[in-house]
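# Descriptive analysis of the structure
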Amino acid sequence: MEHMGIEPGRLQFSWISSAESTKFVEVVTQVTAAIKALGPNSNFAKKMAEVA
Amino acid sequence: MLSYTEKIREIAGRLLQSGAVEMVIGFRAGTVPMMNEPHFAKTPADVQKLVWDSHCGINLANYLTDRKEKIGVLAKGCDSRNIVTHIIENKIKREQLVIIGVPCKGMVDKRKIAMKAETEITEVIEAETTITAKGHGFSKTFEKKDVLQHNCSLCIHRNPVIHDEMVAPPVVEQQGVDRYADVRSIAAMTPEQRWKYFEDLLAPCIRCYACRNACPLCYCPTCFVDESRPQWVGKSLDPSDVRTFHFLRAYHCAGRCTDCGACERACPVGINMRTFTKKLEQDCLDLFGWEVGLDPEVRPPLDVYRPQDPNDFIK
Ligand code: SF4
Ligand code: SF4
């Protein structure tokens, strides 16, 4: 993904067991903060069709 | 390499006559120069149409998928590695095949020649190391090594990795090839530059799917791009849809792509989509020490777990 221009950190992986609720909350908080810091990703957003 | 043709016909004729195989898959001359097409020889007359020269770049493993009969198939280094991959993925049985190995010195890129020709090329004459293109009022001779397909100039497996027959003694493999210079040049860019680089690379794509169809790895009965329930990817030419297609196509080839170049060869607008697969190839080599299609007995890295598999990216 990073090879083709997705910012480092935009995509994250975690391994959380269904019993690890605390870890789940921690990871979600961290990831949300990290992604918010990167700002919105417009790379895959479609622009409105350009009509004359 | 030109002397191969006779030997190929001899082997094909023998295999068909003895009943060892029901057909031999090779190449015949195309209707325009430098465009050899796959040929399925079943009779002695068919055998006489088989040819070999520097325009046999199509990957013949593509024609083996799910076949039931006994087949003789010509195999360059890359084809043989895709045949191995086919065997591993249960797309054909080893016992069904008589693999006729063809030591390869690289295939010529027709675009490189056409770019330097002043008019349409109507005739191409090949010698051992040179190739002469002729058109109306012009004639130009090229050194083959200057007009090779990019993947062929980087190839380190020119000899077939499995074979039952060989049409000639093995050729010398290229040494000290820098296979990943293009991946490194992309790695040196910022994320924005990379995004732009691929945006420009893919801009001419018309979503004809010739790249997918030419690839022996793409054999799913219904490709994800053709499905509509659910529709995984938009079918428009919007850059994000085109990008999604290419990106997923490349990912489906991870740990399977032999860098045969059939995809690039097939593209009508000349997109170098190997720029995607080469990164995956390099990752497989760096992370798993994996080179595709060298041994039918070894499972590919993405289908086995090994305790030493790298997993630092998982938090
Ligand atoms: S992705 Fe391209 S280079 Fe790789 S195996 Fe398929 S056709 Fe060959
Ligand atoms: S062959 Fe070329 S134009 Fe056709 S879908 Fe592939 S990249 Fe796009």
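Residues numbered from 1 in each chain as written. Chains lettered and ligands numbered in written order. Predicted model: local features only at pLDDT ≥ 70, side-chain atom pairs only at ≥ 80, totals over all residues. Heavy atoms only, no water.

### A few points about helix α3 (residues 77–88) of chain B
Residue and element names in this part refer to chain B. Taking 1.5 Å as the rise per residue, α3 with 12 residues should run 16 Å; its terminal C-alpha atoms sit 17 Å apart, in good agreement. Most of α3 sits inside the fold, with 12 of its 12 residues counted as buried. Every buried residue of α3 is listed here: Gly77, Cys78, Asp79, Ser80, Arg81, Asn82, Ile83, Val84, Thr85, His86, Ile87 and Ile88. Phi turns positive, to about 55°, at asparagine 90, one or two residues after α3. (Helix = DSSP H or I, 4+ residues; strand = E, 2+ residues; numbered from the N terminus. Expected span 1.5 Å × (residues − 1). Buried < 20%, exposed > 50% of the residue type's maximum accessible area, 1.4 Å probe, protein only.)

### Comments concerning the domain arrangement of chain B
All names here are of chain B. The domains assigned to chain B are domain 1 (1–106 + 157–174) and domain 2 (178–304). Put simply, the middle of domain 1 and the middle of domain 2, counted by C-alpha atoms, are 25 Å apart. In this assembly, 20 residues from domain 1 lie in contact with 20 residues from domain 2. A per-residue breakdown of the area domain 1 buries against domain 2 is headed by Asn62, Arg81 and Ile88, which together make up 32% of the total. Connecting domain 1 to domain 2 are 1 salt bridge. For arginine 256, the salt bridge is made with glutamate 89, and the minimal N-O distance between the two is 2.7 Å. The interface formed by domain 1 and domain 2 includes 8 residue pairs in polar contact (both at pLDDT 80 or more). Grouping the constituent residues of the side of domain 1 that touches domain 2 by class yields 8 nonpolar, 9 polar and 3 charged. (Domains from an automatic or database assignment. Contact = heavy atoms within 4.5 Å. Buried area = accessible area lost by both parts, 1.4 Å probe. Salt bridge = Lys/Arg side-chain N within 4 Å of Asp/Glu carboxyl O. Polar contact = N/O pair within 3.5 Å; in protein donor to acceptor, adjacent residues only side chain to side chain. Nonpolar A, V, L, I, M, F, W, Y, C, P; charged D, E, K, R; others polar.)

### Focus on the sheet that holds strand β8 (residues 165–166) of chain B
Residues and elements named next belong to chain B. In spatial order, the strands read β2-β1-β3-β4-β8; together these 5 strands make up an open sheet with mixed pairing. Taken across any chain shown, the strands that pair with only one partner, and hence form the sheet edges, are β2 (37–41) and β8. Relative to β8, strand β4 (residues 97–101) runs parallel, the two being bridged by 2 bridges. Bridged to glycine 101 within β8 is methionine 166. Along the sheet face, α3 touches β3 (71–75) and β4 and points at about 135° away from the line of β3. (Pairing = 2+ DSSP bridges. Axes fitted to C-alpha atoms, helices over the stretch in contact; angles between N-to-C directions.)

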